[in-house]
Amino acid sequence: AVMGHVGLTPQAISALGGFRPQGRNSASAIMVFENALALQEAGCFSIVLECIPSPVAAAITSALRIPTIGIGAGSTCSGQALVYHDLLGMIQHPHHAKV
């Protein structure tokens, strides 16, 4: 079983310009949305939505037939993961707590 991951994908931070929220403009939001749909169609059982605006996460969650797990994506996902290092300011870039 495979869980998908869209938005801020830490393995691609150099291509994304660093630890930056994704989906903040129309083109980026559409790309994140389309990537989530493609992952669902590829057979993922769930998708992590990381560091994207809550309205984008809500649109993705309502469009998918599979659960979403939000990490810094607002309260509209099917479930939440909280990175306590970010919340407590224990790392230099608290990107999840400030989306």
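Our structure's up above, just so we're on the same page.
Being a predicted model, the structure only gives us computed values, none of them experimental.

Quick notes on the rules
Residues numbered from 1 in each chain as written. Predicted model: local features only at pLDDT ≥ 70, side-chain atom pairs only at ≥ 80, totals over all residues. Heavy atoms only, no water. Helix = DSSP H or I, 4+ residues; strand = E, 2+ residues; numbered from the N terminus. Buried < 20%, exposed > 50% of the residue type's maximum accessible area, 1.4 Å probe, protein only. Contact = heavy atoms within 4.5 Å. Pairing = 2+ DSSP bridges. Axes fitted to C-alpha atoms, helices over the stretch in contact; angles between N-to-C directions.

**Q** Pulling in residues and values, what's your account of the overall build of the protein chain?
**A** For the protein chain, the count of helices and strands is four helices and four strands. Going from N to C terminus, the protein chain has its helices and strands arranged as β-α-α-β-α-β-β-α. A total of 99 residues make up the protein chain; the buried ones form 37% of that total. Across the protein chain, contacts joining residues at least 24 apart in sequence account for 45% of those joining residues at least 6 apart.

**Q** Let's hear about the environment of P55: which residues, and what values?
**A** Following the sequence through the fold, P55 ends up in helix α3 (residues 54-63). Distance from P55 to R24, taken between C-alpha atoms, is 9.9 Å for residues 31 residues apart in sequence.

**Q** Could you give an account of the sheet that holds strand β2 (residues 46-50), naming the residues involved and the relevant values?
**A** Strand order in the open sheet formed by four strands is β1-β2-β3-β4, and the pairing between neighbours is parallel. The open sheet terminates on both sides in strands that have one partner only, identified here as β1 (3-7) and β4 (79-80). Pairing between β1 and β2: five bridges, direction parallel. Note on β2: the bridge partner recorded for G4 is I47. Taken strand by strand, helix α2 (residues 26-41) contacts β1 and β2, and its axis lies near 170° from that of β1.

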